[in-house]
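Working through the structure, step by step
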Amino acid sequence: PLSLVAAAVAVVVGIRCAILGCKRPASSSSVEIAPGVRMPLVFNGMSTDHGLWLASGGRGIDTAFLYGDELQRHVASGIAASGVEREEVFVTTKVNCCPTDRCSRFCAHPPRPTSAPPMSVYNGSEMLEHSLAMTGQRYVNLALLHFPCSSWDDTLAMYRDLEAARDRGSQA
């Protein structure tokens, strides 16, 4: 179902591009989230055809550790297949926060990728590094917590872990 929605959006965007021509999204299709940093307002997420999305003029890709290795690998192949320069693509990824009341099943029995260490669900840096490896990216433009932890202290600790990853050079 999600791939059908993505395909339908890609077809509409493709038709628009065929008629009007594809251009870099106008400034009204993005928002400034930090000085000099513009984020697209529309993203392609749990899809296997990011290349079509990018070739059709889309510039935002959403991914997450929770999506697993297979879907994250499609980010790398999609960017490569599109011919769009990486600097023109805004990649957002998300890490999980464990423990959590909201998604306790994930923390207890994560549908983690087979190549990720079992305890990585408790380490934001490890999840981020794994996502970078799976997506074939040296950096992401935005890293978020997918959902809050059970406590404010755990959420803050996970956030600080992401800050430390950035400071080490993960560029997240």
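Please refer to the structure placed before this passage.
The following paragraphs examine the structure supplied in this document.

Definitions and cut-offs
Residues numbered from 1 in each chain as written. Predicted model: local features only at pLDDT ≥ 70, side-chain atom pairs only at ≥ 80, totals over all residues. Heavy atoms only, no water. Helix = DSSP H or I, 4+ residues; strand = E, 2+ residues; numbered from the N terminus. Buried < 20%, exposed > 50% of the residue type's maximum accessible area, 1.4 Å probe, protein only. Polar contact = N/O pair within 3.5 Å; in protein donor to acceptor, adjacent residues only side chain to side chain. Contact = heavy atoms within 4.5 Å. Pairing = 2+ DSSP bridges. Axes fitted to C-alpha atoms, helices over the stretch in contact; angles between N-to-C directions. Lys, Arg positive; Asp, Glu negative; His and termini not counted. Salt bridge = Lys/Arg side-chain N within 4 Å of Asp/Glu carboxyl O. Disulfide = S-S within 2.5 Å. Patch = residues over 30% accessible without salt bridge, like charges linked within 9 Å, V, L, I, M, F, W, Y side chains within 5 Å. Areas by Shrake-Rupley, 256 points an atom, 1.4 Å probe, with all protein chains shown as cover. Parallel < 35°, antiparallel > 145°, perpendicular 65-115°, else oblique. Nonpolar A, V, L, I, M, F, W, Y, C, P; charged D, E, K, R; others polar. Expected span 1.5 Å × (residues − 1).

1. Regarding the overall build of the protein chain
Broken down by element type, the protein chain carries six helices and six strands. Going from N to C terminus, the protein chain has its helices and strands arranged as α-β-β-β-α-β-α-β-α-α-β-α. Counting only residues that meet the buried cut, the protein chain has 42% of its 172 residues in that class.

2. Quick notes on the side chain of S125
Mapped onto the fold, S125 is located in helix α5 (residues 124–135). Separated by 2.9 Å, the side chains of S125 and R168 make a polar contact. Setting aside its immediate chain neighbours within four residues, S125 contacts D161, A165 and R168.

3. Focus: the sheet that holds strand β4 (residues 60–62)
One open sheet holds the four strands; their spatial order is β3-β4-β5-β6, and the pairing between them is parallel. Because the sheet does not close on itself, it has two edges, and the strands there are β3 (43–44) and β6 (142–145). Bridge count for β4 against strand β5 (residues 90–95) is three bridges, and the pairing is parallel. From the neighbouring strand, G60 faces β5, where its bridge partner is F90. Contacts from α5 reach β5 and β6 within the one sheet, and its direction differs from that of β5 by about 140°.

4. Observations concerning the side chain of D161
Take D161: it is sitting in helix α6 (residues 152–170). Here D161 sits buried without a salt bridge, and the closest side chain of opposite charge, R168, lies 4.9 Å off (N-O distance). Polar contacts involving the side chain of D161 include one to the side chain of S125, which spans 2.8 Å. Those residues in contact with D161 that sit more than four places away from it in its chain are N123, G124 and S125.

5. Considerations on the state of the cysteines
As enumerated under the stated definition, the model contains one disulfide in all. The disulfide bridge from C97 ends at C149, spanning 1.6 Å between sulfur atoms. Handedness here is read from the sign of the S-S torsion; for C97 and C149, about -85°, the answer is left-handed. On the criterion of sequence distance, the pair formed by C97 in the loop between β5 and α4 (104–108) and C149 in the loop between β6 and α6 is long-range, its members being 52 residues apart.

6. Some thoughts on a nonpolar patch on the surface
A surface patch of nonpolar side chains, about 380 Å² in accessible area, is lined by V31, I33, V37, L41 and V42. Classification of L41 by relative accessible area gives exposed; the value is 53%.

7. Describing the packing of helix α3 (residues 68–82) against α5
As a packed pair, α3 and α5 sit with axes 6 Å apart at the nearest point and diverge in direction by 55°. Here α3 is positioned oblique relative to α5, judged by the angle of their axes. Together, D69, Q72, R73, V75 and A76 of α3 and H130, S131, M134 and T135 of α5 make up the contact between the two elements. Each residue belonging to the contact of α3 with α5 can be placed in one class, and the counts come to three nonpolar, four polar and two charged.

8. A short note on α5
Here α5 is twelve residues long and its end C-alpha atoms lie 16 Å apart, about the 16 Å a rise of 1.5 Å per residue gives. Counting buried residues along α5, nine of its twelve residues qualify, which places the element largely inside the surrounding structure. Inspection of α5 places G124, S125, M127, L128, H130, S131, L132, M134 and T135 among the buried residues, and these make up the whole buried set. The N-capping residue of α5, defined by a side-chain oxygen 3.0 Å from the backbone nitrogen of S125, is N123. Residue G136 follows α5 closely and has a positive phi angle near 70°.

9. Side note on the pairing of strand β2 (residues 37–40)
Where strand β1 (residues 30–34) and β2 come together, four bridges link them in antiparallel fashion. Of the residues in β2, the one forming a bridge with E32 is R38. Between the end of β1 and the start of β2, which pair antiparallel, lie two residues, with G36 showing a positive phi angle near 80°.

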